[in-house]
Amino acid sequence: MELLRNKKTAGKNGFLDDQFLIAMPGMKDERFARSVIYICAHSDEGAMGLIINQTQQMLFPDLLVQLGIMNEQEAIRLPQEARDFVVRNGGPVDRSRGFVLHTGDYRVESSLPVSDDICLTATVDILRAISTGHGPRHALMALGYSGWGAGQLETEIAENGWLTCPATPELLFDPDIDRKYDRILASIGVNLAHFSAAAGHA
């Protein structure tokens, strides 16, 4: 989150901001196998993003009860859209903390812009808004995030760990989580059958 706050202060985007990071078949870290990560902030100091295609066991109504936003009776009466809101696994760092990526039509003081159209909010205000049907047009929620130190992500990309491509709101918020990895690869014309797991040079 510090990376995002620094970006807001500096008023500039990093090289990989608002990009998808797509795990290559040879990904050594099993936690990121077949993962798609949306990069929220990238600078000389490191990078921060959210895995968008891994789901949590926890349901959104259970999370609201756990956070004390509402009691179990109120959670039962949530509108269908809120009951079906999927909680995702954003990454291995700070897994007890929630992050909501959403369209820019909803903003509170704590919302941090990632791009012109996408914001990140990590306060309970947005969870209350979503639970009452007053949230953003499109949103996804994750517990935990993925983080890299200075130069770490660049090294992993150079070692053939990741592909990158510009993110689109359509693919970011598309509810078809199971096929997101393949669909994002297809959107940039990549067929993994043609890739070897080892980095090579022509």
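Provided above is the structure to which this section pertains.
Keep in mind that what you see is a predicted model, and the values were worked out from it rather than measured.

### Concerning the packing of aromatic side chains
Next, step 1: Using the criterion set out here, one finds five aromatic pairs in the structure.
Next, step 2: Here the aromatic rings of Phe20 and Tyr38 are separated by 6.3 Å at their centres, their planes lie at 70°, and the arrangement is edge-to-face. Taken together, the positions of Phe20 in strand E1 (residues 19-23) and Tyr38 in strand E2 (residues 36-43) put the pair 18 residues apart, joining distant regions of the chain.
Next, step 3: In this structure Tyr38 comes out as buried when scored by relative accessible area, which is 0%.
Next, step 4: Pairing Trp148 with Trp162 gives two aromatic rings, centres 6.3 Å apart and planes at 85°, and the pair type is edge-to-face. One end of the pair, Trp148, is in strand E9 (residues 139-148); the other, Trp162, is in strand E10 (residues 162-166), and 14 residues separate them in sequence.
Next, step 5: Using a relative accessible area of 8% as the deciding quantity, one classes Trp148 as buried.
Next, step 6: Counting every residue linked through ring pairs, the aromatic cluster contains Phe32, Trp148 and Trp162.

### As for the nonpolar core
Next, step 1: Counting 27 residues, the largest nonpolar core has Phe20, Tyr38, Leu50, Leu101 and Leu172 as its most contacted members.
Next, step 2: Residues within four places of Leu172 in sequence aside, it is in contact with Phe20, Tyr38, Ile52, Leu101, Ile118, Leu140 and Lys180.
Next, step 3: One finds Leu63, Ala75, Ile130 and Leu143 within the second-largest nonpolar core, a separate group that totals 19 residues.

### Notes on unusual backbone geometry
Excluding glycine, residues mostly carry a negative phi; peptide bonds, for their part, are mostly trans.
Next, step 1: One non-glycine residue, Asp18, lies in positive phi territory at about 60°.
Next, step 2: Looking at the secondary structure, you find Asp18 in the loop between helix H1 (2-10) and E1.
Next, step 3: One non-glycine residue, Asp94, lies in positive phi territory at about 55°.
Next, step 4: Residue placement: Asp94 occurs in strand E6 (residues 93-103).

### Things to note about the environment of Thr123
Next, step 1: If you trace the backbone, Thr123 turns up in the loop between strand E8 (118-121) and helix H5 (124-131).
Next, step 2: For Thr123 and Gly98, which are 25 residues apart along the polypeptide, the C-alpha to C-alpha distance reads 7.9 Å.
Next, step 3: With residues near it in sequence (within four places) discarded, Thr123 still touches Val108 and Ser110.
Next, step 4: One polar contact links Thr123 to Ser110, side chain to side chain, over a distance of 2.8 Å.

### Brief notes about H5
Next, step 1: Buried within H5 we find Ile126, Leu127, Ala129, Ile130 and Ser131.
Next, step 2: Looking at the buried positions of H5, the neighbouring elements they touch are helix H2 (60-66), helix H4 (80-83), E6, E8 and E9.
Next, step 3: Once H5 finishes, Gly133 follows within two positions and takes phi at roughly 80°, a positive value.

### Looking at the pattern of salt bridges
Next, step 1: What the rule picks out here adds up to six salt bridges.
Next, step 2: Between Asp29 and Arg31 there is a salt bridge whose closest N-O contact spans 2.7 Å.
Next, step 3: Salt-bridge contacts for Arg137 lead to Asp105; the nearest nitrogen and oxygen are separated by 3.9 Å. You can see Arg137 sitting in the loop between H5 and E9 and its partner Asp105 sitting in the loop between E6 and strand E7 (112-113), a full 32 residues away along the chain.

### Here's the deal with helix H8 (residues 180-187)
Next, step 1: Within H8 the residues assigned to the buried category are Lys180, Tyr181, Ile184 and Leu185. Looking straight down H8, one finds that the buried residues subtend no more than 130° of arc, so they occupy a single side.
Next, step 2: Buried residues belonging to H8 abut E1, E2, strand E5 (86-89), E10 and helix H7 (169-173).
Next, step 3: Immediately downstream of H8, the backbone of Gly189 shows phi near 75°, a positive value.

About the cut-offs
Residues numbered from 1 in each chain as written. Predicted model: local features only at pLDDT ≥ 70, side-chain atom pairs only at ≥ 80, totals over all residues. Heavy atoms only, no water. Phe/Tyr/Trp six-rings, centres within 6.5 Å; stacked < 30°, edge-to-face > 60°. Helix = DSSP H or I, 4+ residues; strand = E, 2+ residues; numbered from the N terminus. Buried < 20%, exposed > 50% of the residue type's maximum accessible area, 1.4 Å probe, protein only. Core = buried A, V, L, I, M, F, W, Y, C linked by side-chain atoms within 4.5 Å. Contact = heavy atoms within 4.5 Å. Polar contact = N/O pair within 3.5 Å; in protein donor to acceptor, adjacent residues only side chain to side chain. Salt bridge = Lys/Arg side-chain N within 4 Å of Asp/Glu carboxyl O. Arc of directions from axis to C-beta.

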